[in-house]
Amino acid sequence: MTIAGSPGGRGDLTPGPRTTTASSPLPGAALDELADAVAAGAAVAGLGESTRFASETFGVRDQIFRRLVQKHRFRALALQDDAAVGATLDAYVTGGEGTAAAALESAWRPWRTAEMAAALQWIRSFNRDNPDDAVRIFGVRPAQARAADYDAVLDHVRRTAPHRLAELAAHLEPIRTAHEIDEHVQRARGLHPGRPFAEHARDALAIVERLPGGSALARMRLIVDFHERSVAGRGTYAGDARAWAGAIIDHQRETSRRVAYWDGMAHTSAAPATLGLAPQRGPQPTVGSELRHHYGAAYVSVAIGFHHGDLGVATVPEPAPDWLDARLAAAGRPAHWLDLRADRLRGQWDGPAKARVISGVYDPSRDAAEHLAVASLTGAFDVLVHLRRVSPVRPLPA
């Protein structure tokens with residue numbers, strides 16, 4: 001199998017005599033070449049992982065990003081989180097008080113890792129040295145409910161209608177747990193209390209709407225929106241692709257910054273994708289497919305995947321023989337990459353493909369379903385990065 005980097009480059013990421021970086025299994029020279037390939041012609045680069053639980057896949061993405069910032073003037077980082085979290089992280093990296101760990105306290109749980117904290121610290125250091133050319137962070141989702149919103153609603157009812165407090169709490173207390181463990185993950189792990197959280201939220205809204213004073217009404221509506229828009233509330237993993245892509249497009253248009261978008265590869269794919277956990281839904285739009293429609297080749301889609309390993313939450317076996325991950329592993333290298341835009345590779349790799357994706361509901365017993373499928377591999381991803389073995393990310397202390 002030919003391994004390619006940039007269309008005319010070597011692209012072999014097998015660690016050689018050079019010392020590897022601390023947070024990535026790939027040598028620095030190869031990471032430089034990989035970042036050069038990603039940056040070529042890109043207004044937005046989607047850097048997608050196959051899982052959020054692997055330290056090595058995060059490390060590769062982080063090291064690519066650092067090079068995009070240092071060598072190619074990428075100046076924005078878009079995250080799958082809401083606008084309020086993005087603003088909190090942006091305040092930290094642009095010199096705000098506190099620590100990276102503190103800034104991540106309200107972030108989506110997969111971001112609350114030592115690896116992410118180190119990434120934020122690096123951005124903050126870069127911005128300190130480049131105050132007039134800073135990297136900014138933003139969330140692609142609209143602002144959503146927080147724990148404080150539940151407390152405010154309960155306090156309002158405690159003051160204005162204490163006789164309804166127990167009824168309201170019976171609706172709100174079970175569903176606020178979704179801010180720590182997503183509702184669909186609770187179902188997969190057997191932790192869910194039973195009734196859909198969106199139904200509880202709507203019943204709680206009905207109580208608040210009938211009470212005097214409206215100071216808590218907006219917060220209660222935000223809570224309803226949070227649960228209705230969740231994976232469990234929508235009944236799909238696809239997310240609101242058009243809205244999330246729109247946030248990136250709007251930011252890039254308003255600022256002219258080159259943007260790196262960090263998410264799972266099921267979202268960053270430049271073509272619609274079918275999830276193996278929901279094959280009956282068929283191909284679903286992705287954020288990346290919306291970005292490809294808007295930017296054309298100026299949206300570059302990168303998939304960072306792996307063959308097997310210990311993710312802490314589960315030990316992942318070798319992939320099915322017909323999966324992309326197994327085909328990439330046939331190169332016999334611990335790490336390598338392909339630029340599928342190279343003419344000599346496009347014909348070799350184009351066509352339908354299945355690639356491993358592992359979410360918070362992963363179960364090794366159904367590993368065969370833990371994938372995404374695309375009609376055209378080269379239509380979905382411009383660059384592939386393959387790591388043979390991975391280990392767990394390090395969660396921040398609760």
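Above this text you will find the structure in question.
Note that the structure is predicted; figures quoted are calculated from it, not measured. By convention here, each chain's residues receive numbers from 1 onward along its written sequence. Local features are withheld for residues below a pLDDT of 70 in this predicted model, meaning they are given only at 70 or higher, and side-chain atom pairs are given and counted only at 80 or more; totals for whole chains, interfaces and linings count all residues. Where side-chain values are given, they derive from all heavy atoms of the structure, hydrogens and water being excluded.

Draft legend 1. Representation of the environment of Arg159 in the model. With respect to the helices and strands, Arg159 occurs in helix H6 (residues 147-160). Residue classification places Arg159 among the exposed residues on the basis of a relative accessible area of 60%. For the pair Arg159 and Arg52, spaced 107 residues apart in the sequence, the C-alpha separation amounts to 42 Å. Strands are runs of DSSP state E lasting at least two residues, helices are runs of H or I lasting at least four, and both sets are numbered from the N terminus onward. Throughout this description, buried means an accessible area under 20% of the type-specific maximum (1.4 Å probe, protein chains only), exposed means over 50%, and partly exposed covers the range between.

Draft legend 2. Just the side chain of His251, in detail. Mapping His251 onto the fold places it in helix H12 (residues 241-255). Only 3.2 Å separates the side chain of His251 from the side chain of Arg257, close enough to count as a polar contact. If we ignore the near neighbours within four places in the chain, the residues touching His251 are Ala76, Phe138, Ser256, Arg257 and Val259. Throughout this description, a polar contact denotes any pair of N or O atoms lying within 3.5 Å of each other; where both atoms belong to protein, one of them has to be capable of donating a hydrogen while the other can accept it, and for residues adjacent in sequence the pair is counted only when both atoms sit in side chains. Two residues form a contact once any of their heavy atoms are found within 4.5 Å.

Draft legend 3. The arrangement of the sheet that holds strand S9 (residues 353-356) in detail. In short, DSSP must find at least two bridges between two strands for them to pair. Ordered by their spatial adjacency, 3 strands build an open sheet running S5-S10-S9, and the pairing between neighbours is antiparallel. In the strand order of this sheet, the two ends are held by strand S5 (274-275) and S9, each with one partner. Two strands pair when backbone bridges link them, and S5 and strand S10 (residues 371-374) are joined in this way by 2 bridges, in the antiparallel orientation. The partner of Thr274 across the bridge, within S10, is Ala373.

Draft legend 4. View of the packing of aromatic side chains. Only Phe, Tyr and Trp rings take part, Trp by its six-membered ring, and two of them pair if their centres are within 6.5 Å. Stacked means planes under 30 degrees apart, edge-to-face means over 60, and tilted covers everything else. If you walk through the whole model with that rule in mind, you get 4 aromatic pairs. Ring plane angle 80 degrees and centroid distance 5.5 Å describe the contact between Phe65 and Trp262, whose orientation is recorded as edge-to-face. Of the two residues, Phe65 is situated in helix H2 (residues 55-72) and Trp262 in strand S4 (residues 258-264); the sequence distance between them amounts to 197 residues. Judged by relative accessible area, Phe65 falls into the buried class, the value being 1%. Both rings, one in Trp122 and one in Phe126, keep their centres 5.7 Å apart while their planes meet at 25 degrees; by these two values the pair is stacked. Taken as a pair, Trp122 and Phe126 lie in helix H5 (residues 114-129) at a separation of 4 residues, close to a single helical turn. Given a relative accessible area of 12%, Phe126 falls into the buried group.

Draft legend 5. Broad picture of the pairing of strand S1 (residues 44-49). The buried count for S1 comes to 6 of 6 residues, which makes it a mostly enclosed element. Here S1 shows two buried faces, one formed by Val44, Gly46 and Gly48 and the other by Ala45, Leu47 and Glu49. Judged from the 6 bridges that link them, S1 and S4 form a sheet pairing that is parallel. Residue pairing for S4: Gly46 is matched across the bridge by Tyr261.

Draft legend 6. Quick look at helix H3 (residues 83-93). Along H3, the residues that are buried comprise Val85, Gly86, Leu89, Asp90, Tyr92 and Val93. Projected onto a plane normal to the axis of H3, the buried residues spread over an arc of 160 degrees and lie on a single side. Lining the buried residues of H3 we find strand S2 (74-82), helix H4 (100-103), H5 and strand S3 (136-141). Two or three places before Ala84, at the start of H3, stands the capping residue Asp82, its side-chain oxygen 2.6 Å from that residue's backbone nitrogen. Downstream of H3 by one or two residues, Gly95 has phi in the positive range, about 110 degrees. The arc in question is traced by the directions running from the helix axis to the C-beta atoms.

Draft legend 7. Local environment of the nonpolar core. As used in this record, nonpolar core signifies buried Ala, Val, Leu, Ile, Met, Phe, Trp, Tyr and Cys residues forming a set joined through side-chain atoms within 4.5 Å. Leu47, Phe65, Leu68, Trp111, Leu120, Trp262 and Val385 are the most contacted members of the largest nonpolar core, which has 57 residues in total. Looking at this core element by element, the count peaks at 7 residues for H5. Once you skip the residues sitting within four places of it in the chain, Val385 turns out to touch Leu26, Leu34, Val60, Val302, Ala303, Ile304, Gly305, His336 and Trp337. With 24 residues, the next largest nonpolar core counts Ile207, Ala216, Ile223 and Val224 among its residues.

Draft legend 8. Highlighting the environment of Glu105. Counting through the fold element by element, Glu105 comes out in the loop between H4 and H5. Along the sequence, Glu105 and Ala270 sit 165 residues apart, while their C-alpha atoms lie 31 Å from each other.

Draft legend 9. Fine view of the environment of Ser301. Mapped onto the elements, Ser301 comes out in strand S6 (residues 299-310). Take Ser301: its relative accessible area is 0%, and that puts it in the buried class. Along the sequence, Ser301 and Thr268 sit 33 residues apart, while their C-alpha atoms lie 6.4 Å from each other. Beyond its immediate sequence surroundings of up to four residues, Ser301 is in contact with Gly46, Thr268, Ser269, Ala270, Arg292, Ala380, Phe381, Asp382 and Val383. Within the structure, Ser301 has its side chain in polar contact with the backbone oxygen of Thr268 (distance 3.3 Å). Here the side chain of Ser301 touches Ala380 through a polar contact of 2.9 Å, landing on its backbone oxygen.

Draft legend 10. The arrangement of the packing of helix H1 (residues 28-39) against H2 in detail. Fitting a line to C-alpha atoms yields each axis, with helices limited to the stretch in contact; the angle taken between N-to-C directions then spans 0 to 180 degrees. At their nearest, the axes of H1 and H2 sit 9 Å apart, and the two run at 70 degrees to each other. Put simply, H1 runs roughly perpendicular to H2. The two elements H1 and H2 meet at a crossing, and its hand is right-handed. On the side of H1, the interface is formed by Gly28, Leu31, Asp32, Leu34, Ala35, Asp36, Val38 and Ala39, while H2 contributes Gln63, Ile64, Arg67, Leu68, Lys71 and His72. Within the contact of H1 with H2, the residues separate by chemical class into 7 nonpolar, 3 polar and 4 charged. In these notes the angle categories are as follows: under 35 degrees is roughly parallel, over 145 is roughly antiparallel, 65 to 115 is roughly perpendicular, and the rest is oblique. We call a crossing left-handed when the near helix sits turned anticlockwise from the far one by less than a right angle, and right-handed when that turn is clockwise. Only Asp, Glu, Lys and Arg are considered charged in this grouping, and only Ala, Val, Leu, Ile, Met, Phe, Trp, Tyr, Cys and Pro are considered nonpolar; every other residue, Gly among them, is considered polar.

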